[in-house]
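One-letter residues, chain by chain:
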Amino acid sequence: MAASTGIDMAEETIFTWGAPPLKFGAGAVDEIGFEMAQHGARRVLILTDPKINELGIPARITDSLAKHGISSETFDGCHIEPTDDSMDKAAGSAGEQGPWDGFVAVGGGSSIDTAKAVNLLTTDEGGLMDYINKPIGHGRAPRRQLKPLIAVPTTAGTGSESTAMCVLDVLSMRVKTGISHWRLRPTLAVIDPLVSLTLPPEVTASAGMDVVCHALESYTARYYTTFERKRPGQRVTYCGSNPVSDLWCEKALTLVASSFRTAVRDGSNLEARSNMMLAATFAGMGFGNAGVHIPHANGYPIAGMVKDYRPRGYPQQEPMVPHGQSVSLTAPEAFRFTFPSAPERHLRAAAMLAPETETLSDPAEQLPSAVIDLMRDIGIPNGIGAVGYAEADIPGLVPGTMKQQRLLATCARPVTEEDIAGIFAASIQNW
């Protein structure tokens, strides 16, 4: 008879954590050829967007690959804030020109996420909806090992270079969702701060708020031991806050506190840019395992149901709410809501994000106040009203949030439709 372990087998005792290898530093882009050669690749597809292609970064990668006997083609049709349509077109183009031995993604999270989807759809069977998270898609797990993917971020934002998920808009449903599985995680993240020096301040600010929300949401997420115990095959990418993810989130917040405002105001400051690139990757190592919750769940319908808002610093051809803006607009009120679940974590997070801020009489206001002060300083829109939404739009936004049950399950407090409606209402104007 087996001895008793003393463990309550109804409660979770296991957390998972994963991240790709990193190569960080000025000039790292020029070593991609060497890295891809280690995987035996002979033919590689570079995926990027038109603006990054014009800057010549993909051309540098082409040269680096060629020095190691690797031929390559460049697809520069990655869509800013990708959609199911744009990802299908990218995958279709890659499939027609393939087969490929590997992929290099160059750009913001949009290009990296598109490359993840292309890698999946050209390697495994099925279409996007087969893999998109439930209840929007079928949530099928990839069945095959994917091809080597080297991710080269040009923004300090999504942390997609270190995560196992990709995000997209499903146009027919006007909702943003994603695919999440450990096989999607890039093989290597190559982070070169020099490629971020030309980012406009508005893009730097928006992308940086994504870093802030990643770190804060995962740090305040439901703790992994509070979930019901899972069997090995049930373990998900988002397992709740845990000791390892906490370390990366804490470091990300301290880097943000020292460098974010400088990176927005003086984009040529290499130290600030380097720190923000590190912060984005560190936050990705945190939230990519712990998970995010209400601000990101709200950000999906805010971005997916955009009306006429066209942000400065971004392409003006079509309306959009950049991801970093969409997730930050309800963050102050979301952290007021989650404060009772873990007051000490919220206060610790506020102290890391705004170490010089005085202690407020209402402790529940400490973190929202720190977030609002930052948003004001770097020019983030003042609430969802500033990007085109009014109180009458809230009944339409709430269902889009409630579809993000994968994210809401990570919230440390149960969340109802009424709760989300209240958070939206209080976020029409943040200050």
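Figured I'd write up the structure that's included with this text. All values reported here derive from a predicted model rather than from experimental measurement. Residue positions within a chain follow its written sequence, with the count starting from 1. Totals for whole chains, interfaces and linings use all residues, but because this is a predicted model, local features are given only for residues with pLDDT of at least 70 and pairs of side-chain atoms are given and counted only at 80 or more. To get the side-chain values, all heavy atoms of the structure are used, and hydrogens and water are removed first.

1. Remarks on the overall build of the protein
How we decide: Secondary structure is summarised from DSSP: a helix means a run of H or I of at least four residues, a strand means a run of E of at least two, and numbering begins at the N terminus for each. We compute the radius of gyration over the C-alpha atoms and compare it with the globule rule, which gives 2.2 Å times the number of residues raised to the power 0.38. Throughout, exposure labels follow a simple rule: accessible area from a 1.4 Å probe, protein chains only, divided by the maximum for the residue type, with under 20% read as buried, over 50% as exposed, and the rest as partly exposed.
A tally of regular secondary structure across the protein gives 17 helices and eight strands. Against the globule reference of 22 Å for 431 residues, the protein gives a C-alpha radius of gyration of 21 Å, in line with a compact fold. Projected onto the principal axes, the alpha-carbon positions of the protein cover approximately 65 × 65 × 40 Å. The proportion of buried residues among the 431 residues of the protein is 58%.

2. Focus on unusual backbone geometry
Across residues other than glycine, the phi torsion is negative in most instances, and most of the peptide bonds are trans. Note the cis peptide between Gly98 and Pro99, where omega equals 5°. Here Pro99 lies in the loop between helix H4 (84–97) and strand S4 (102–107). Omega for the peptide link from Lys134 to Pro135 comes to 5°, which places this bond in the cis form. Counting through the fold element by element, Pro135 comes out in the loop between helix H6 (128–131) and strand S5 (149–153). One non-glycine residue, Glu81, lies in positive phi territory at about 60°.

3. Focus: the packing of helix H12 (residues 331–338) against helix H17 (residues 417–426)
Packed helices, taken two at a time, are described by the angle between their axes plus the distance between the axes. Filter applied, for reference: Lines are fitted to the C-alpha atoms to define the axes, a helix being fitted only along its stretch in contact, and any angle between axes, read from their N-to-C directions, falls within 0 to 180 degrees. By the definition adopted for this analysis, an angle is roughly parallel if under 35 degrees, roughly antiparallel if over 145, roughly perpendicular if from 65 to 115, and oblique otherwise. The sense of a crossing depends on the near helix, which, turned anticlockwise from the far helix by less than a right angle, makes the crossing left-handed and, turned clockwise, makes it right-handed. Residue contacts are counted whenever heavy atoms from the two residues lie within 4.5 Å of one another.
Close contact between H12 and H17 brings their axes to 8 Å; oriented N to C, the two are set at 135°. One element, H12, and the other, H17, form an angle in the oblique class. Once H12 is placed against H17, the crossing between them reads as right-handed. Along its contact with H12, which presents Glu333, Ala334 and Phe337, the element H17 presents Asp419, Ile423 and Ala426.

4. A word on helix H13 (residues 343–353)
Just so we agree on the cut-off: In this context, the arc is that of the directions from the helix axis out to the C-beta atoms.
Considered for burial, the residues of H13 that qualify are Arg345, His346, Ala349, Ala350, Met352 and Leu353. All buried residues of H13 project into a common sector of 165° when viewed along the axis, lining one side. Where H13 is buried, its residues meet helix H7 (201–219), helix H8 (243–265), H12 and helix H14 (366–378).

5. Some points on the side chain of Asp210
Its place among the elements puts Asp210 in helix H7. Classification of Asp210 by relative accessible area gives buried; the value is 1%. Non-local contacts of Asp210, meaning those with residues more than four positions away in its chain, are made with Gly157, Thr158, His296, His323, Gly324 and Val327.

6. Topic: the sheet that holds S4
Condition: DSSP bridges decide pairing: two strands pair if at least two such bridges lie between them.
Taken in spatial order, the six strands of this open sheet run S1-S8-S5-S4-S2-S3, and their pairing is parallel. Two strands in the sheet have a free side with no partner beyond their single neighbour: strand S1 (22–24) and strand S3 (71–75). Shown here is a sheet whose adjacent strand axes are inclined to one another by a mean of 20°, direction ignored. Bridge count for S4 against S5 is five bridges, and the pairing is parallel. Looking at the pairing, Val106 lines up with Val152 of S5. Along the sheet face, helix H5 (residues 109–123) touches strand S2 (43–47), S4 and S5 and points at about 160° away from the line of S4.

7. Some points on the state of the cysteines
For clarity, the cut-off: Cysteine sulfur atoms that come within 2.5 Å of each other are treated as a disulfide pair.
Summed over the entire model, instances satisfying the criterion amount to zero disulfides. Considering cysteine sulfurs only, Cys166 is the nearest to Cys78, which forms no disulfide, with 12 Å between them. Residue Cys166 is classed as buried on the basis of its relative accessible area of 0%.

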